[in-house]
Amino acid sequence: MKRYIRPLVQIGPARPQDAHTLASGWCWFTHVEVLSRTDKTIVLSASNLEKEELEALTAVRTPIADLSFDAPRLMGILNVTPDSFSDGGRHQTPYDAVTEAIKMVATGADLIDIGGESTRPGAVTVTPDDEIVRTVPAIKAIRDAGVVTPISIDTRKASVGHAAIAAGADIVNDVSGFTYDPALAASCSKKGTPVCVMHAQGDPATMQDEPTYENVLLDVYDFLKTQIDWLSSLGIPRHLIIADPGVGFGKNQTHNLKLLNRISLFHSLGVPILLGASRKKFIGIIGNEPIADRRAAGSVGVALAAIAQGVQLIRAHDIADHKQAIALWQASVTQDLN
């Protein structure tokens, strides 16, 4: 029987002596939930785990592009596109991109994610040349302005990734999980480029057309594990890989909530976890807010729930709101004031 190990994450100063630190971060656990496709879910003491199961949960997550994961980190979303779902057209010129990047860093962004192809539901594929024209001048301008904060390029295409890294980007963030253009993974391996591998069911143009899963949590986990193992076999070390379960990408509201409810499962992959839920449709539905750029409060709520399960990296539009909320969360929950 294949089993899946989800740490029952806890936080706060009252920590038992037998607790294990989760992924070198701010959370700890003494017990785990054991999931299976065939057997009933059970809870076990962490002392009953196999050595490799425990090591995957407790191994130090080493810095990527000088970004450490011992505290929650924020990835600022910078779309240089005309049609992204909530901010399309706002940052298309290099000047606008630089202005936004400087604002993000000033308000707390630890990483800037630059994308030149909208991946909103129904979006059409952009040619590599068009994507390069949108992203590379923005990256160069940001670097020329003296911004040293790490940059990730949000792309599915090898030529775009290559051009962006040459222009000053540090990480490749592929929403297709490196299934769209296999040459992209090979290029990252050759250059030693860190990567973020995300799960998506289908292409952005059709991904929300009745997505189905046998078990969304375990299906997404298996996909990410397979891709991480494959990337490792190509020569990309595990310590240079980030995993993203892809909330909103080929998933309905129930799927999204199931992933969020047990997102700590993905720590068993042995890599940092990224959550990108900012301003998405399910937040608008549950929070009764149809306007995407008015969903900061709901986005922050989802982010804090994920951080409480040890998620290390939050992809967000509203950096200042997230930074403030995380600071208050840390002050009120994680500090020992005795």
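Here, every reference points to the structure presented above.
Within every chain, residues take consecutive numbers counted from 1 along the sequence as written. Confidence filtering applies because this is a predicted model: local features only for residues at pLDDT of at least 70, side-chain atom pairs given and counted only at 80 or more, and all residues used for totals across whole chains, interfaces and linings. Side-chain metrics in this entry use all non-hydrogen atoms of the structure; hydrogen atoms and water are not considered.

## With respect to helix H9 (residues 296–307)
Because each turn of an α-helix spans 3.6 residues, side chains separated by three or four positions in sequence point in the same direction.
Part 1 of the reasoning: Here H9 contains 12 residues, and its C-alpha end-to-end distance of 16 Å stays within 8% of the 16 Å for a straight helix at 1.5 Å per residue.
Part 2 of the reasoning: Accessibility here uses a 1.4 Å probe with only protein chains present; expressed as a share of the type maximum, an area under 20% marks a residue as buried, one over 50% as exposed, and anything in between as partly exposed. A helix here means a DSSP run of H or I that spans at least four residues, while a strand means a run of E at least two residues long, and both kinds are numbered starting from the N terminus. Looking at H9, one finds that the buried residues are Ala-296, Ser-299, Val-300, Val-302, Ala-303, Ala-306 and Ile-307. The buried side chains of H9 occupy one side of the element, clustering within an arc of 165° when seen end-on. Given a helix with a known number of residues, its expected span is that number minus one, times 1.5 Å. The arc in question is formed by the directions pointing from the helix axis toward the C-beta atoms.

## Focus: the sheet that holds strand E4 (residues 31–35)
Part 1 of the reasoning: Taken in spatial order, the 3 strands line up as E1-E4-E5 in an open sheet, and their pairing is antiparallel. Among the strands making up the open sheet, the edge pair consists of strand E1 (4–7) and strand E5 (42–45). Averaged over neighbouring strand pairs, the angle between their axes works out to 35° when direction is ignored.
Part 2 of the reasoning: Two strands pair under a simple rule: DSSP has to find at least two bridges between them. Where E1 lies against E4, 4 bridges are found, and the strand directions are antiparallel. If you follow Ile-5 over to E4, its bridge partner there is Val-34. Only the contacting stretch of a helix is used when fitting its axis, a line to C-alpha atoms as for every element, and angles between N-to-C directions run 0 to 180 degrees.

## Some thoughts on the sheet that holds strand E10 (residues 195–198)
Part 1 of the reasoning: Pairing is parallel in the open sheet, where 8 strands are placed in the order E11-E10-E9-E8-E7-E6-E13-E12. Each end of this open sheet is capped by a strand with a single partner; those strands are strand E11 (241–244) and strand E12 (274–275).
Part 2 of the reasoning: In this description, contact between two residues means that some pair of their heavy atoms is separated by no more than 4.5 Å. Sitting on the sheet, helix H3 (residues 128–144) touches strand E6 (73–79), strand E7 (111–115) and strand E8 (151–154), and the angle it makes with E8 is about 175°.
Part 3 of the reasoning: The sheet strands contacting helix H10 (residues 319–334) are E6 and strand E13 (313–316), and the helix crosses E6 at an angle near 170°.

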